[in-house]
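Listed here are the chains, written in short residue letters.
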Amino acid sequence: MKIVVDTNPVAADYDIIADGLLAFNAAASGRPRTAKTDFAVLLRDDDGATVGGLWGAVFSDWLFIELLYVPDSLRGQDLGSQLMAKAEAHARAQDLTGIWLDTYSFQARPFYEKLGFAVVGEIVDMPPGSSRYFLSKPLKP
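Scope of this entry: the structure provided in the associated data block. Throughout this description, residue numbers start from 1 for each chain and increase along the sequence as written. Reporting of local features is limited, given that this is a predicted model, to residues whose pLDDT is at least 70; pairs of side-chain atoms are given and counted only at 80 or more, and all residues count toward the totals for whole chains, interfaces and linings. Each side-chain value is derived from all of the structure's non-hydrogen atoms; neither hydrogens nor water enter the calculation.

A word on the pairing of strand β2 (residues 50–59)
Rules: Two strands qualify as a pair provided DSSP detects at least 2 bridges between them. Only DSSP runs of H or I covering at least 4 residues are called helices, and only runs of E covering at least 2 are called strands; the numbering of each starts at the N terminus.
Across eight bridges, strand β1 (residues 37–44) lies against β2 in antiparallel orientation. Residue pairing in the sheet places Thr-37 in a bridge with Val-58 of β2. Pairing of β2 with strand β3 (residues 62–69), which is carried by seven bridges, proceeds in the antiparallel orientation. Directly across from Ala-57, in β3, lies its bridge partner Phe-64. Taking the residues that link successive antiparallel strands as the turn, the β2-β3 hairpin has two residues, and the phi of Ser-60 there is positive, at about 55°.

Printed below as a string of structure tokens:
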């Protein structure tokens, strides 16, 4: 075996690693829903072009919000809250345990806290001079 640092890996490399880890997780946890399933709530203009939205994945009975973006010109119209509400409705419809995400101190921590998320972790000085926060919102008691 050789260990190689590859700064330009291909999707097939990712799939081999992810599939192996997911299979291990399913066997170790006894949970069938360990496979990652991508999910999106899209913000489209009148022509049908995607201009923003939310990207996430269902994994281990939780919805992970990977990305949330509303263009500057559309902010202040409650679109971010609506995108998050659609994501939460999707998670509840799938009977998921909760939702988690991460954000930086210069991004949207107060926005997420207003929606019922709580900080469960922090990495200080990531990026330098800022913090990265991890937040979760349980959907079940």
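Notes on the layout of surface pockets
The test is simple: Cavities and pockets are defined on a 1 Å grid built over the protein atoms alone: a cavity is a set of grid points where a 1.4 Å probe fits but cannot escape, while a pocket is an open set with protein on both sides within 12 Å along at least five of seven lines, and lining residues are those with an atom within 4 Å of any such point. Grid points are joined across faces, edges and corners, and a volume is the space filled by probe spheres set on the points. Residues are grouped as follows: nonpolar covers Ala, Val, Leu, Ile, Met, Phe, Trp, Tyr, Cys and Pro; charged covers Asp, Glu, Lys and Arg; every other residue, Gly included, is treated as polar.
The volume enclosed by the largest pocket comes to roughly 530 Å³. For the largest pocket, the lining is made up of 23 residues, of which Leu-68, Tyr-69, Arg-75, Ala-108 and Tyr-112 are closest to its centre. Of the residues belonging to the lining of the largest pocket, the class tally is 12 nonpolar, six polar and five charged. Forming the boundary of the second largest pocket are Tyr-14, Ile-17, Ala-18, Leu-21, Leu-22, Asn-25, Lys-36, Ala-57, Phe-59, Phe-64, Glu-66 and Trp-100. Secondary-structure elements contributing two or more residues to the lining of the second largest pocket are α1 (11–29), β2 and β3. Top element by residues in the lining of the second largest pocket is α1. It accounts for six residues. Residue classes in the lining of the second largest pocket are distributed as nine nonpolar, one polar and two charged.

Quick notes on the packing of aromatic side chains
In this description, a pair of aromatic rings is defined by centroid distance and the angle of the planes. This is how it is decided: Each Phe, Tyr or Trp ring (for Trp, its six-membered ring) is paired with any other whose centre lies within 6.5 Å, and the angle between the two planes then decides the class: stacked below 30 degrees, edge-to-face above 60, tilted in between. Each residue's exposure class comes from its accessible area (1.4 Å probe, protein chains only) as a fraction of the maximum for that residue type: buried when under 20%, exposed when over 50%, partly exposed otherwise.
Under the criterion given, the structure shown has four aromatic pairs. A centroid spacing of 5.2 Å and a plane angle of 0° characterise the contact between Tyr-104 and Phe-106, whose relative ring orientation is stacked. Ring centres 5.1 Å apart and planes at 65° place the aromatic pair Phe-111 and Tyr-112 in the edge-to-face group. The class for Phe-111 is partly exposed, based on a relative accessible area of 22%.

Quick look at the pairing of β3
Summarising the sheet, β3 and strand β4 (residues 98–104) pair through four bridges and their orientation is parallel. The residue of β4 that forms the bridge with Ile-65 is Leu-101.

Topic: the sheet that holds β4
The condition that has to hold: The convention used is that axes are lines fitted to C-alpha atoms, helices contributing only their stretch in contact, and that angles between N-to-C directions extend from 0 to 180 degrees. Throughout, a contact is declared for two residues whenever any of their heavy atoms are within 4.5 Å.
The six strands lie next to each other as β1-β2-β3-β4-β6-β5, forming an open sheet whose pairing is mixed. Both outer strands of the open sheet, β1 and β5 (118–124), are each paired with one neighbouring strand and no more. The sheet shows a mean angle of 20° between the axes of neighbouring strands, direction not considered. In terms of strand pairing, β5 meets strand β6 (residues 131–138) through six bridges, oriented antiparallel. In the sheet register, Glu-122 faces β6, and the bridge partner there is Tyr-133. Packed onto the sheet, helix α2 (residues 79–93) meets β1, β2, β3, β4 and β6 and runs at close to 150° relative to β1.

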